[in-house]
Amino acid sequence: MRYSEMFLPTGREVPSDAEIISHQLMIRAGLIRKLTSGIYSYLPLGYRVIRKVEQIIREEMNRAGAQEVFLPMVQPAELWQESGRWEYYGKELLRLRDRHDREYCLGPTHEEVITDLVRNDIKTYRQLPRNLYQIQTKFRDEVRPRFGVMRCREFGMKDAYSFDADEAGAEVSYEKMFAAYTSIFERCGLKFRPVEADSGSIGGKYSHEFMVMAESGEDAMIVCEKCNYAANLEKAEIARPEKKETGEKDKLPLESVHTPNVRTIEEVSAFLKVTPRDIVKTLIFNADGKPCAILIRGDQEVNEIKVKNYLGINELTLAEDDMILHATGAPRGFAGAVKIKTRIIADYSVMNMVNFVTGANKEDYHLKNVNIGRDFNVESFADLRVIEKSDTCPRCGGGIQFVRGIEVGHVFKLGTKYSKALKAVYLDRDGQEKIMIMGCYGIGVGRTVAACIEQNNDENGIIWPMPLAPYQVIITPVNVNEGQVLQAAEKIYKDLLFRGVEVILDDRDERAGVKFKDADLIGIPLRITVGQKNLAGGNVELKERKSGKTTIHPLQNIVSAIEKSIAGSINPVAGKQT
RNA sequence: CGGGGCGUAGCGCAGCCUGGUAGCGCGCCUGCUUUGGGAGCAGGAUGUCGAGUGUUCAAAUCACUCCGCCCCGACCA
C-alpha cells in the first residue's frame, strides 16, 4: 500500500482520556477511534492486526478439530429465560424490544444459542463429541468501560463450545483447547501463562485463564517460584495448616472487657495492647438472605469468592446493620463467635489460635482469652482468605510471587449447567437419555491486540511482533523529489509485493524525520531506508524496529534479506490442517 | 449507583473567578526556501464555546435543568 493513499491518521499528542500505554498508542498510531463510551471503530491498520489475530485463532482452532460457525448477535429473551440467565445476568445484558414488543438481548456470550442449536440437531452419542466456535462481536453493558479496547462494551471475541458424551470426553476436549490456546498465544509472540481461576457467572467447575504478563493488567495473580502453579488472586489456594492440640491448662479463663466505642481491629488492638494477629475478626455476611459468620485472623482478609463457592450460594454481601443486630444482639463492631445465633465457618488462620480476642456480641464489650472448643464450636474450617506475600505455594510449599496480567483467554469446564437447563440430551449406546457435557472457551481478540502493545512498545511507539504486524515492511524513500531514490524505492516495493510481502511504500512528500517517526509509531518490524548516499553505492539500509539495528544491503539482495528475516520471525502452524 | 472532574477549532489547552471584539500551540490550506529523526519564513481557513431555560442593555463567563465524556469506588467473562 502506498502511504499517500492510506487512511492512517497518526498523532503526536497523547489523547487526554487514554490512561494506559496501549490505549494511547492505538489512538496515536491510527488503529482505533472511539465512537462513544466503550465502543470503538477499527481503522484500516488496526483492523489488519485484528485479522492477523483472528487468522491465527482460526488455524489453531481448526487444527484442534473445532469447526467455525457464525451465530446471531440478537437473541430472544425466551432462550435466556430458559437458562435462567435473563434474571441472573443483570444490567450487563443489554435488553431491547422489537416492533412487536418482543424482548431480545444483545449477546454478551453464546452458551444459550449454541446449546439450542446443538440440542435440535444432535441426538445420539454417534454425533459426539463436537466443538463449534465463532468469531463474533459481543456486547456487554459494562458498568465502567476503560482502557480503550481493553475493557469495552462492544468487543470482538472468539468463543468455542464443546459437547461431549461423558466427563472423560469433556476432559479431552478441555485439554485440546488448553493446548490450542497455548499455541495461539505463542504464535502471537506474547509472554503469557495459564493460571487457575474462578469460573465466575458463566458457571462451571474449574477453569484456566490465559494471562498476558503486564504491569498495567487488571488482574492480580500469584505464581510459584518453584513449581508451575499459578493462580488468579481470587482463586489462589492456601494449604490447610496442621492442627496443633492445645492443652486445657494453657487456656486462660475467659474474660469480658469494657471497650467503649472500640470497634475496628486497629482500635481493639490499640485499646487492649494486642496485635491484630491476636484477634479473631467475625464478619457477618448476608448469604442469599441468611446471616453467616465468617471467622478470620484480625490481620487477614476474607476472599468473598472463596466464601461464596464454599457456601454454594449466589449472592454474598456484608450484612446490613439490622441483620448484624439480629444475629449478634449488638451493633456493628462487636460481633464474636461466642453465643452467636448464626452458622460459624472459620478460616484456617484461626484453627490454631488460642486465648484470642473477639467481640462479645454486646455493645462496648470484647472478650479476651477466647478458645475454640471450650467457648464455642465452628461448623468447619476452610480456606476462605486472600493469599498474602508471606504465604507459600499450596502445591509445593515454595515461595510465591505477586504479578499482574491481562486476561486474554479463558477455558471453562461447564459441565451440564446449560445442557441441563436447555435439555441438550442424546441417546447413549444403551438407548439411555443422557445430558451432554459442555465446555466453553473464549479469547478476547481486541484485548489480545491491546495486550500485545502493552508488552511491545518503547518511547517511539508500538513494536509489533512479526506475526501480528499490520504490515511487515515499510519502505522509506528519504526524499521523493529525487528521481533515483523514488525509482529505487518503487522497484523494491514492486518486488516485495510480487513476493507476497505485506509492505507500505511511504511515498509522501514529507521530511525524512516525519516518516521515520510515523514508521516507528505504527511499529512496522522492518524498515528499508532508501537514501541518496547509500544508493550512490548501490545500497539500501535495513532497520529492525525491535532492536534498532541497521544493516546495509546491496539493492539486488534486499528482497531476499527481507524474506529471510520474515521467515525467521513467524511461527508457522505446526502440523497439518484438518 | 455513590464521590470527583471535564465539555471552547481536527488534537492538546488558555479565557470563566471579576459578564462587553473567542484566543494559543500542534495539525490543515497556499507560496517560497529546506530535505537522513516530527523544518523555516510569509500568508490563510476553521468555532451552534455540549444542549436548553433563566438573570442582564449584554452570557463562553452568573444561576438552574438536562446530555455526554473521564477518573476513583462499588460491580464485572
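The text that follows walks through the structure, step by step, so that each part is easy to find. Predicted, not measured: the structure shown is a model, and the values here were computed from it.

1. Looking at the pairing of strand β8 (residues 154-164)
Here comes step 1: By the criterion of burial, β8 is predominantly enclosed, with 9 of the 11 residues buried.
Here comes step 2: Two strands pair when backbone bridges link them, and strand β7 (residues 130-139) and β8 are joined in this way by 10 bridges, in the antiparallel orientation. The residue of β8 that forms the bridge with Lys138 is Phe155.
Here comes step 3: The pairing of β8 with strand β24 (residues 437-444) spans 8 bridges and is antiparallel. Its bridge partner being in β24, Asp159 is matched across the sheet by Gly442.

2. What about the packing of aromatic side chains?
Here comes step 1: This model, assessed by the stated rule, comprises 9 aromatic pairs.
Here comes step 2: Judged by centre distance (5.2 Å) and plane angle (55°), the ring pair of Phe178 and Phe210 falls under tilted. Placement of Phe178 in helix α6 (residues 167-187) and of Phe210 in strand β10 (residues 207-213) is noted, with a sequence separation of 32 residues between them.
Here comes step 3: The exposure class of Phe210 is buried, given its relative accessible area of 0%.
Here comes step 4: Aromatic pair Tyr181 and Phe185: ring centres 6.1 Å apart, planes at 85°, arrangement edge-to-face.

3. Let's talk about helix α13 (residues 512-522)
Because each turn of an α-helix spans 3.6 residues, side chains separated by three or four positions in sequence point in the same direction.
Here comes step 1: Restricting attention to buried positions, one finds in α13 the residues Ala512, Lys515, Asp518, Ala519, Asp520, Leu521 and Ile522.
Here comes step 2: Gly523 sits one or two residues past α13 and shows a positive phi near 75°.

4. Describing empty space enclosed by the protein
Here comes step 1: Applying the stated rule across the entire model yields 2 cavities of 30 Å³ or more.
Here comes step 2: Quantified by volume, the largest cavity comes out at close to 50 Å³.
Here comes step 3: When contributions to the lining of the largest cavity are tallied by element, the ones reaching two or more residues are α13 and β30 (539-544).
Here comes step 4: Classifying every residue of the lining of the largest cavity gives 3 nonpolar, no polar and 5 charged.
Here comes step 5: Met150, Glu218, Asp219, Ile406, Glu407 and Arg447 together form the lining of the second largest cavity.
Here comes step 6: In the lining of the second largest cavity, the residues fall into 2 nonpolar, no polar and 4 charged.

5. Concerning the pattern of salt bridges
Here comes step 1: The final tally for this structure, using the stated rule, is 40 salt bridges.
Here comes step 2: Across the pair Asp141 and Arg153 runs a salt bridge whose closest N-O atoms are separated by 3.0 Å. With Asp141 in the loop between β7 and β8 and Arg153 in the loop between β7 and β8, this residue pair connects regions lying 12 residues apart in the sequence.
Here comes step 3: According to the relative accessible area criterion, Arg153 is buried, its value standing at 18%.
Here comes step 4: When the shortest N-O distance is used, the salt bridge between Arg508 and Asp518 registers 3.2 Å. One end of the pair, Arg508, is in the loop between β28 (503-505) and α13; the other, Asp518, is in helix α13, and 10 residues separate them in sequence. For the pair formed by Arg508 and Asp518, the shared burial category is buried.

Parameters at a glance
- Residues numbered from 1 in each chain as written.
- Chains lettered and ligands numbered in written order.
- Predicted model: local features only at pLDDT ≥ 70, side-chain atom pairs only at ≥ 80, totals over all residues.
- Heavy atoms only, no water.
- Buried < 20%, exposed > 50% of the residue type's maximum accessible area, 1.4 Å probe, protein only.
- Helix = DSSP H or I, 4+ residues; strand = E, 2+ residues; numbered from the N terminus.
- Pairing = 2+ DSSP bridges.
- Phe/Tyr/Trp six-rings, centres within 6.5 Å; stacked < 30°, edge-to-face > 60°.
- 1 Å grid on protein atoms, 1.4 Å probe; cavity = no way out; pocket = protein on both sides within 12 Å on 5 of 7 lines; lining within 4 Å.
- Points joined across faces, edges and corners; volume = space filled by probe spheres on them.
- Nonpolar A, V, L, I, M, F, W, Y, C, P; charged D, E, K, R; others polar.
- Salt bridge = Lys/Arg side-chain N within 4 Å of Asp/Glu carboxyl O.

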